[in-house]
Amino acid sequence: MSFAWRKRWFVLLFPLLLAVTVWQIRVETDLNAFFTATDDEDSRLLSGLLKTGELSRRYLLVVEKAVPAVDASNTPESSIAVAVFSARLIQQLSKLDDVELAWPADQPPRDWIDAVASYAPYHARIFSLNPGTDGRELLDAAKLAAKAEGLKQALLSPQGSFVKAIAKQDPLLLSLNGFKDLQSQFQQQAKLGSGGALILQSRPAALDSEAHTRLQAAIRTSFDSLNVEAGSVFRLSMAGVPVFSVAAQSEISQDVTLVSAVSSLAVVLVFLFLFHSFSALHWVMMVQGASFVIGTLATALVFPQVHSLTLALGASLIGISSDYPIHVMVHCAKHRNTPLAAVRLLWPSLAMGGLTTIIGYGALGLTGFPGFEQIAVFALASIAGSLGLTRWVLPALLTKSTLHSAHLPGIAAWVDFCDRHRKVLLGLFVACVLLAGFALPQIRWMDDMQKLAVDMDLLKKQDAAVRAHFSSIEPGRFVFIEANDWETALIRSEAAERRLKALKQAGVVSEYHGLFPWLVSEQLQTENASVYADRVGPAFQQAWQAGLSKAGLSLEKLGTLLPAMPEPLRPVKVMDSPVKQILSGQILAGQSGVILSLWLGEHDPEKLIAGLAGLEGTRYFSQKDQLDHLAGKYRDRSLVMLGVGIGVMAFFIWLQQRDMRKVLLTLLPSVASVLFIFATWALMGEEVSFLHVIGLLLSVSLCVDYGIFFIDNRGKDADVTYHAIAASTLTTLASFGALGLGKTPTLPILALSVSLGVTLGFLLCPLLIRKPKN
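Residues numbered from 1 in each chain as written. Predicted model: local features only at pLDDT ≥ 70, side-chain atom pairs only at ≥ 80, totals over all residues. Heavy atoms only, no water.

Engineer: Help me get a handle on the overall build of the protein chain, residues and values and all.
Structural biologist: Of the regular secondary structure elements, the protein chain holds 35 helices and 13 strands. Here the protein chain has a C-alpha radius of gyration of 35 Å; the compact-globule value for 774 residues is 28 Å, and the former is much larger. Along the three orthogonal principal directions, the C-alpha set of the protein chain runs to about 115 × 60 × 55 Å. With 774 residues in all, the protein chain has 54% of them scored as buried. At a minimum sequence separation of 6, the contacts of the protein chain that also span at least 24 residues come to 83%. By element, 61% of the accessible surface of the protein chain is carried by carbon and sulfur atoms, the whole surface being about 33000 Å². Averaging the locations of the 65 positively and 64 negatively charged side chains of the protein chain gives two centres separated by 8 Å. (Helix = DSSP H or I, 4+ residues; strand = E, 2+ residues; numbered from the N terminus. Rg over C-alpha atoms; globule rule 2.2 N^0.38 Å. Buried < 20%, exposed > 50% of the residue type's maximum accessible area, 1.4 Å probe, protein only. Contact = heavy atoms within 4.5 Å. Areas by Shrake-Rupley, 256 points an atom, 1.4 Å probe, with all protein chains shown as cover. Lys, Arg positive; Asp, Glu negative; His and termini not counted. Charge placed at Lys NZ, Arg CZ, Asp CG, Glu CD.)

So, in structure tokens, the structure goes:
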């Protein structure tokens, strides 16, 4: 095909490709999808808890007086005003599409109250977690007169209608005994605030920042409209995992915009500095834009959604992809070759350099870090597209462009210096290698993955201030119960709850949310029913009726104590009722069998784990610990893939060169730079994470290109070859250096690792690889 038609087809197809990409791509902002692997049971549990866990989707809202008068915050009038305003706000929030449920923290939702009432027929089967000991107290005939009087007072209380509905089937109110822990939690909450503490359960996944951005705006709009009507005397504070998710996504979005803009601008400035040609810049930027679109489209076709962080990191490939046109253009400018002649001359080196870079990104995708799987696909398609466009399209685009002869001061001088003082410098190099070998064992690995999170100290302080208004249930630490079937799981859960009750009394845990009596094993139901049948005989019935008569209550409606239900209350029936919604956050989907979750308040992890020791199928689970475990696993895989990547690159270079000495020389600058950087971090006491390792893996894949070009020297001019390598190093530093401007710690770490590796590898090339003859 003629150059004219290649140029026309490129100009026509590029906009079409862009349109298809825009139509095909679905960008996601769920941080969980980028950071959390799901390749084992615990990782899947963590991903599920972060994404759809009930506590993760929960907002804690606090309504307070904006400017309270002196000593006015404790007056009844102030409390009532806040409570009334909060009730109106709950009504407004409950109408929002993304709100599942909203309720005051010191009162159970109406659905919960109705669900509790539905357990009355099973009172004889669920009244106690320890029926052997509690039965004597609850079913003591000598205390029936006092129980009857208590029933009377309950019927006359504001909750009388609720008690009446239960008393018809459970006159002794035994079913409520099982729920007394739930009642005590709301009573404890009532002591903490004045009615302004609210809980909102959202529908979207906790890390779906786009949906939660809309929801938080709607919450504030609803609050503002009511506050204006009330004279703007209230203020609203908000906390919860979605609040952090939205803040993190906002930072990431800013990083994406900043990195993309600065990276593109930096590459443009470097290009103009090198070639002084706006015409060539125009076409090369179009080529790089097309390669970026190709990478985006390929990722969109392979994955259901493309993460915004993939696009941010993909923007750094602008500098890498421009390496191939720059090598061609430097040789064109220096040797006055046509672009076609230059690209034909350099094509074997370009292809091998592109292959080693793809291998590096491929190894990156196998490290186990979910987000890097997308980046690996993006890089493979983008680099392949850039190579293809450089080989077959770029010569047609540059036919009328005039290129300035690129010259970088100091480049030739450094090559000559290395050549003249090679023995001394190599001696220093060997000494540094030995020193680095001794330093490596001192390296400190980062064990806390939270250090890689966006800095949100102000938000954390706000979160702590809001949570001070609530009885605390920690959203990230649980007791997991695992079994093959419901009955076994419930028996184990009940054993764990007995231990937790003792630990609570000992002060090890402030509180916990269990599953009893919402879900009760058949074994425990049988024990309860047996104790009930033994103690509730004819004499007990007569004593109860006497107590009712003394209290002035109806014998006809309340005097008959019904026997236990013939059939137990089975989990299948419970999960087919509204109770399923109440327990949705505590029934987890395991790969096989049943997984139950017991929620914990503030606690001492070590003492709690010791207190639960010996319970089969029961274990403590911490999201933070699991994230730290994932970080360690990513690090180990990254180190393995660093070695594998270097090995695969060596194999393909050997296939081309068929000379093991050249293979080793090609790899030596990049491997040595990695060794020196690791040793420097070890001597400085720098904590090294898996991201540092991944950054060095990328630097190796890039530095190997420099060795390939320097050894091949296809232009038969070492100075020109090294100038081309220097030019490509500058564009790589410009694009990856832009990552350092990001506030998300992931980006600066990658920027530092890649930039150090590329710079050191570039400087070592003429020292470790003897200058080829021209």
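Next comes the rest of the description.
Engineer: I'd like to hear about the sheet that holds strand β5 (residues 234-239), residue by residue, with values.
Structural biologist: Strand order in the open sheet formed by four strands is β3-β4-β2-β5, with antiparallel pairing between adjacent strands. Strand pairing shows two members of the sheet lacking a second neighbour, β3 (99-104) and β5, which therefore form its edges. Sheet twist, expressed as the mean angle between neighbouring strand axes with direction ignored, is 20°. The pairing of β3 with strand β4 (residues 197-202) spans five bridges and is classified as antiparallel. By the bridge assignment, Leu101 is partnered in β4 with Gln201. Where helix α12 (residues 209-229) meets the sheet, it contacts β2 (58-65), β3, β4 and β5, and its direction lies at approximately 160° from that of β5. Packed on one face of the sheet, helix α23 (residues 457-467) meets β2 and β5 and runs near 110° to β5. (Pairing = 2+ DSSP bridges. Axes fitted to C-alpha atoms, helices over the stretch in contact; angles between N-to-C directions.)

Engineer: I'd like a rundown of helix α19 (residues 370-392), residues and numbers included.
Structural biologist: Over its 23 residues, α19 extends 34 Å from the first C-alpha to the last, a length consistent with the 33 Å expected when each residue adds 1.5 Å. Among the 23 residues that make up α19, 17 are buried, leaving the element largely enclosed by the rest of the structure. (Expected span 1.5 Å × (residues − 1).)

Engineer: Tell me what's going on with the nonpolar core, and back it up with residues and numbers.
Structural biologist: Core analysis: the biggest nonpolar cluster contains 109 residues, and Tyr361, Phe372, Phe678 and Phe690 have the highest contact counts within it. Per-element accounting of this core gives the leading share, 16 residues, to helix α33 (residues 690-712). In this structure Phe690 touches Phe369, Met449, Leu452, Ala631, Tyr634, Arg635 and Ser638, once residues within four positions along its chain are discounted. Listed in part, the 50 residues of the second largest apolar core include Val62, Trp112, Leu569 and Leu583. (Core = buried A, V, L, I, M, F, W, Y, C linked by side-chain atoms within 4.5 Å.)

Engineer: Any chance you could break down the environment of Ser584 for me, citing the residues and the numbers?
Structural biologist: Topologically, Ser584 is positioned in the loop between α29 (579-582) and β10 (587-588). Looking at Ser584, the relative accessible area reads 29%, which means it is partly exposed. Separated by 298 residues in the primary sequence, Ser584 and Met286 place their C-alpha atoms 51 Å from one another.

Engineer: Hey, could you go over the side chain of His603 for me, with residue numbers and the actual values?
Structural biologist: As for its placement among the helices and strands, His603 is situated in the loop between β11 (594-600) and α30 (605-611). Assessed through its relative accessible area of 11%, His603 is described here as buried. Within the structure, the side chain of His603 is placed 2.7 Å from the backbone oxygen of Gly601, a separation counted as a polar contact. A distance of 2.8 Å separates polar atoms of two side chains, one belonging to His603 and the other to Tyr620. (Polar contact = N/O pair within 3.5 Å; in protein donor to acceptor, adjacent residues only side chain to side chain.)

Engineer: Can you break down unusual backbone geometry residue by residue, with the values?
Structural biologist: Across the chain, the bulk of peptide bonds are trans and the bulk of non-glycine residues have phi less than zero. A cis amide bond links Phe516 to the next residue, Pro517, at an omega of 0°. With respect to the secondary-structure elements, Pro517 resides in the loop between β9 (512-513) and α25 (522-535). Even without a glycine there, the phi angle at Leu173 is positive, about 55°. Turning to its location among the elements, Leu173 is positioned in the loop between α9 (160-167) and α10 (174-178). Relative accessible area serves as the criterion here: at 17%, Leu173 is assigned to the buried category. A positive phi angle, close to 55°, is found at Ser232, a residue other than glycine. Relative to the helices and strands, Ser232 is located in the loop between α12 and β5. Since its relative accessible area comes to 45%, Ser232 is described here as partly exposed.

Engineer: Which residues make up the pairing of β5, and what values go with them?
Structural biologist: Looking down a regular strand, the side chains alternate between one sheet face and the other. Taken across its six residues, β5 has five buried, putting it largely inside the fold. Note that β2 and β5 share six bridges and pair antiparallel. Paired with Leu61 across the two strands is Met238, which belongs to β5.

Engineer: Help me get a handle on a nonpolar patch on the surface, residues and values and all.
Structural biologist: A cluster of nonpolar residues, Trp5, Trp9, Leu12, Leu13, Leu16, Val20 and Trp23, forms a patch on the protein surface that exposes about 780 Å² of accessible area. Secondary-structure assignment places Trp5 in helix α1 (residues 3-24). (Patch = residues over 30% accessible without salt bridge, like charges linked within 9 Å, V, L, I, M, F, W, Y side chains within 5 Å. Salt bridge = Lys/Arg side-chain N within 4 Å of Asp/Glu carboxyl O.)

Engineer: Just give me the short version of helix α8 (residues 144-156), but keep the residues and values in it.
Structural biologist: Between its first and last C-alpha, α8 extends 19 Å over 13 residues, near the 18 Å set by a 1.5 Å rise per residue. Taken as a whole, α8 has its buried residues at Leu144, Ala148, Leu151 and Ala154. Buried residues in α8, looked at end-on, bunch into an arc of 120°, giving them a common side. Set apart from the buried face of α8 by more than 90 degrees, the exposed residues are Ala146 and Leu156. Packing partners of the buried residues in α8 comprise α9, α26 (538-551) and α27 (555-558). (Arc of directions from axis to C-beta.)

Engineer: Go over the packing of helix α13 (residues 241-275) against helix α34 (residues 718-739) with me, naming the residues and quoting the values.
Structural biologist: Across the interface, α13 lies against α34 with an axial gap of 8 Å and an inter-helix angle of 160°. In terms of orientation, α13 and α34 fall into the roughly antiparallel class. Along this stretch, α13 crosses α34, giving a crossing that reads as right-handed. On α34, the residues that touch Val259, Val262, Ser263, Ala266, Val267, Val270 and Leu274 of α13 are Ala727, Leu730, Thr731, Ala734, Ser735, Ala738 and Leu739. Across the contact of α13 with α34, the residue classes tally to 11 nonpolar, three polar and no charged. (Parallel < 35°, antiparallel > 145°, perpendicular 65-115°, else oblique. Left-handed = near helix turned anticlockwise from the far one by under 90°. Nonpolar A, V, L, I, M, F, W, Y, C, P; charged D, E, K, R; others polar.)

Engineer: Describe in detail the pattern of salt bridges, supporting the description with residues and values.
Structural biologist: Throughout the structure, instances matching the rule amount to 13 salt bridges. Put simply, Arg57 and Glu100 hold a salt bridge, and the shortest N to O gap is 3.5 Å. Highlighted residues: Arg57 in the loop between α3 (41-52) and β2 and Glu100 in strand β3, separated in sequence by 43 residues. For the salt bridge of Glu522 with Arg570, the shortest nitrogen-to-oxygen distance reads 3.2 Å. Taken together, the positions of Glu522 in helix α25 and Arg570 in the loop between α27 and α28 (571-574) put the pair 48 residues apart, joining distant regions of the chain.

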